[in-house]
Amino acid sequence: MQNPIEDTEWNDALRRHNIIPQKEKEKELTEEDIVNLLEQTVEAKQQGKGLNELTLDELNEREDDIDEEEERIFEEYRRQRLAEMKKAHTNARYGEVVEISKADYVSQVNNAGEGVWVVLHIYKDGIPICKLVNNFLINLARKFPQTKFLRSISSVCIPNYPDKNLPTVFVYFEGDLKKQWIGPFAFGGMNLKQNELEWMLAQAGAIQSDIEKPERAEIEDVMTSAIRQSRIDNEEDSDN
């Protein structure tokens, strides 16, 4: 939306219809202020029914009762409502983690559709980190309903798939594999946090998230540390 303090044809039209106040240098209106003022004006004209409560049919009917300049305002709102409805419809396509079998792979993954990202979790019951990843993916599926989240038991989806490779997460876009994480160490083990998994998926392009890279405590290499300590002890014994 344009800056309300600018001298533009759009702002002049809003001022003439008392939708926004006259230009005041000492007061700057935010986009939210303009929307609220416009809603209040239209609500008064609709006898208490707000513009956001009108259906598209009602907006079309209301077009007969407005003048030429007001028509531009209504048309702008109509386009906005259509865009919001389209976006809501798109975002509501998924929103959950769907269990699939090997027979579903082609239709659910390869033929997912144009512009569709798919996150597929290969897991097995009884493995704690698989359960952890499943729980996180359930939450992320709700948070990012525009992405298709799937899961499949390893023995069902990939016969003889070794347990050491679990959990495994594949990321596809329009049927093509874009990223994969295989085995517990790829996820940081049981120390994995949901925001870390969200960041990983965002980096792969599967979800639209502005989350920053979470800080993860360094995992100490126990074997290297033990060898280093052993060398120090041996050197001290030699000096003695």
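Provided above is the structure to which this section pertains.
Predicted, not measured: the structure shown is a model, and the values here were computed from it.

**Let's talk about the overall build of the protein chain**
Counting its regular elements, the protein chain contains nine helices and five strands. Across the protein chain, helices and strands are ordered from the amino to the carboxyl terminus as α-α-α-α-β-α-β-α-β-α-β-β-α-α. Of the contacts formed within the protein chain by residues at least 6 apart in sequence, a portion of 60% connects residues at least 24 apart. Split by element, the accessible area of the protein chain, about 15,400 Å² in all, is 46% carbon and sulfur.

**Observations concerning the nonpolar core**
If you look at the biggest cluster of nonpolar residues, it comprises 24 residues, and the most contacted ones within it are Leu137, Phe149, Leu197 and Leu201. Taken together, the elements giving at least two residues each to this core come down to β2 (117-123), α6 (128-143), β4 (168-173) and α8 (194-204). Counting residues in hydrophobic clusters, the runner-up holds 15 residues, among them Ile122, Tyr123, Cys130 and Cys157.

**Structural notes on α6**
When the terminal C-alpha atoms of α6 are compared, their 23 Å separation across 16 residues agrees well with the 22 Å that a helix rising 1.5 Å per residue should span. Every buried residue of α6 is accounted for by Ile129, Cys130, Leu132, Val133, Asn134, Phe136, Leu137, Leu140 and Ala141. The secondary structure elements touched by the buried residues of α6 are β1 (97-99), β2, β3 (148-153), β4 and α8.

**Overview of α8**
Turning to α8, its buried residues are Glu196, Leu197, Glu198, Met200, Leu201, Ala202 and Ala204. Two residues or fewer after α8 comes Gly205, characterised by a positive phi angle close to 95°.

**Side note on the side chain of Lys148**
The topology assignment puts Lys148 in strand β3. Here Lys148 occupies a buried position and makes no salt bridge, while the nearest side chain of opposite charge, Asp104, is found at 10 Å.

**Topic: the pairing of β2**
Of all seven residues in β2, seven are buried, a share of seventy percent or more. Burial along β2 is two-sided: the residues Trp117, Val119, His121 and Tyr123 and Val118, Leu120 and Ile122 are all buried. Of the strand pairs in this sheet, β2 and β3 are connected by six bridges, and their pairing is parallel. Bridge pairing in β3 links His121 to Arg151. Once you follow β2 into α6 and on to β3, the crossover reads as right-handed.

Cut-offs applied
- Residues numbered from 1 in each chain as written.
- Predicted model: local features only at pLDDT ≥ 70, side-chain atom pairs only at ≥ 80, totals over all residues.
- Heavy atoms only, no water.
- Helix = DSSP H or I, 4+ residues; strand = E, 2+ residues; numbered from the N terminus.
- Contact = heavy atoms within 4.5 Å.
- Areas by Shrake-Rupley, 256 points an atom, 1.4 Å probe, with all protein chains shown as cover.
- Core = buried A, V, L, I, M, F, W, Y, C linked by side-chain atoms within 4.5 Å.
- Buried < 20%, exposed > 50% of the residue type's maximum accessible area, 1.4 Å probe, protein only.
- Expected span 1.5 Å × (residues − 1).
- Lys, Arg positive; Asp, Glu negative; His and termini not counted.
- Salt bridge = Lys/Arg side-chain N within 4 Å of Asp/Glu carboxyl O.
- Pairing = 2+ DSSP bridges.
- Right-handed = clockwise from strand over helix to strand, strands pointing away.

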